[in-house]
Amino acid sequence: MTALQQWQERIRAYRSEREETEEQAWQRLSVWYDNWVRNNDYVELVLPHLFEVVSPTARVLEVGPGSGAFTIPLAAAVREVVVVEPSLAMRQVLNRNLAAAGLGNVRIVPQPFETGLTALEGSFDLALASHSLYHVEMIDTVLHGLLKFANHIVILLGIGEELAWYQALYRQFKNKEPLPSAHFRYFYSVLLELGIYADVKLIWTSSNYVYNSEDTMVEWWLNHFHLNAARQAEMRVALRQISERRGDQVGIYDRRRIAFIWIERERNVVCKNNLSINA
């Protein structure tokens, strides 16, 4: 089995375990995503690296912008940002956030990544995919598209490590082990198979799930596991054991590692040309 087939098999296995469609999942997460960004540090850790390769005249391509965690600061610093976002729910949140920030230099392509990239024109100084590639079966199509359009490519992915408290919750409320989605270990094998050269750095980021009240926290996790109110008391007890109150909020606070993947188009073109010459 090829690396690409293993990636695709992992995605299909993960989808078979889900109890909702992808759009239903994004509908549920869209109302919460801004809160996740506010209470975690991955954006502030990664942004300085992105600013190193863009200027006020730059064009930026973002694949899966979500609610605009990176889109908004990048749009404020460059000439244009083009985003490919297939989820209607996330596009609605993104549009509200862009309007609130007074930004008019962001163009939204409302298509799946595989087809959205083919509709693009021109070149980009930077392409970014922040935790947005986990469910892309035709990952080779997307990677080739990014290499076609962008000089610098940054991809953020989880490395497949499940947090201990999440594993315990999953076992208790789903009666089985969590099945991780496609992650960095599979992704890197695909890169090698496609002959794409990348620099990789593992970085520690916060993984904080923060809520305005205990009731909100309990409701969120019931929805996450698709449980009814009959298990509310059990969920409350379980969450109290792993959460803590900080000020007027309550949350589950932890840290995890993510893969920071940097791909240079020029480097890949040079390497491919050298391979062709040597062959």
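Right above here is the structure, for reference.
Worth saying up front: this structure is predicted, and the values here are computed from it rather than measured.

J.: Can you help me understand the environment of Ile 196 in this one?
T.: Along the chain, Ile 196 turns up in the loop between helix H10 (184-194) and strand E6 (199-206). Considering only alpha carbons, one finds Ile 196 and Leu 143, 53 residues apart in sequence, at a separation of 8.9 Å.

J.: Could you clarify how one ought to interpret the pattern of salt bridges in this entry?
T.: Between side chains of opposite charge, a pair can form as their charged atoms come close. Enumeration over the complete set of coordinates arrives at 14 salt bridges. Salt-bridge contacts for Lys 174 lead to Glu 19; the nearest nitrogen and oxygen are separated by 2.4 Å. One end of the pair, Lys 174, is in helix H9 (residues 164-174); the other, Glu 19, is in the loop between helix H1 (3-17) and helix H2 (22-30), with 155 residues separating them in the sequence. Overall, Lys 174 belongs to the buried group, its relative accessible area being 19%.

J.: When you look at the sheet that holds strand E8 (residues 244-246) in this model, what are you seeing that I'm missing?
T.: In space, the three strands of this open sheet follow the order E7-E9-E8, with antiparallel pairing throughout. Only two strands of the sheet have a single partner each, and these edge strands are strand E7 (209-211) and E8. Neighbour-to-neighbour, the strand axes of this sheet turn through a mean angle of 30°, independent of strand direction. Of the pairings in the sheet, the one linking E8 to strand E9 (residues 249-252) comprises three bridges and is antiparallel in character. The partner of Arg 246 across the bridge, within E9, is Gln 249.

J.: For this particular structure, what's the right way to read the sheet that holds E6?
T.: Hydrogen bonds between backbone groups are what pair the strands of a sheet, and the pairing can be parallel or antiparallel. Read across the open sheet, the seven strands follow the order E3-E2-E1-E4-E5-E10-E6; overall the sheet is mixed. If you trace the sheet from one side to the other, it starts and ends with strand E3 (106-109) and E6, each paired once. Strand after strand, the sheet turns through a mean of 20° between neighbouring axes, direction not considered. As paired strands, strand E4 (residues 124-130) and strand E5 (residues 150-158) are joined by six bridges and run parallel to one another. In the sheet register, Ser 130 faces E5, and the bridge partner there is Leu 156. The strands touched by helix H4 (residues 42-51) are E4, E5, E6 and strand E10 (255-264); relative to E6, the strand with the most contacts, the crossing angle is about 145°. Along the sheet, helix H8 (residues 139-149) contacts strand E1 (59-63), E4, E5 and E10; its crossing angle with E5, the most-contacted strand, is approximately 145°.

About the thresholds
- Residues numbered from 1 in each chain as written.
- Predicted model: local features only at pLDDT ≥ 70, side-chain atom pairs only at ≥ 80, totals over all residues.
- Heavy atoms only, no water.
- Helix = DSSP H or I, 4+ residues; strand = E, 2+ residues; numbered from the N terminus.
- Salt bridge = Lys/Arg side-chain N within 4 Å of Asp/Glu carboxyl O.
- Buried < 20%, exposed > 50% of the residue type's maximum accessible area, 1.4 Å probe, protein only.
- Pairing = 2+ DSSP bridges.
- Axes fitted to C-alpha atoms, helices over the stretch in contact; angles between N-to-C directions.
- Contact = heavy atoms within 4.5 Å.

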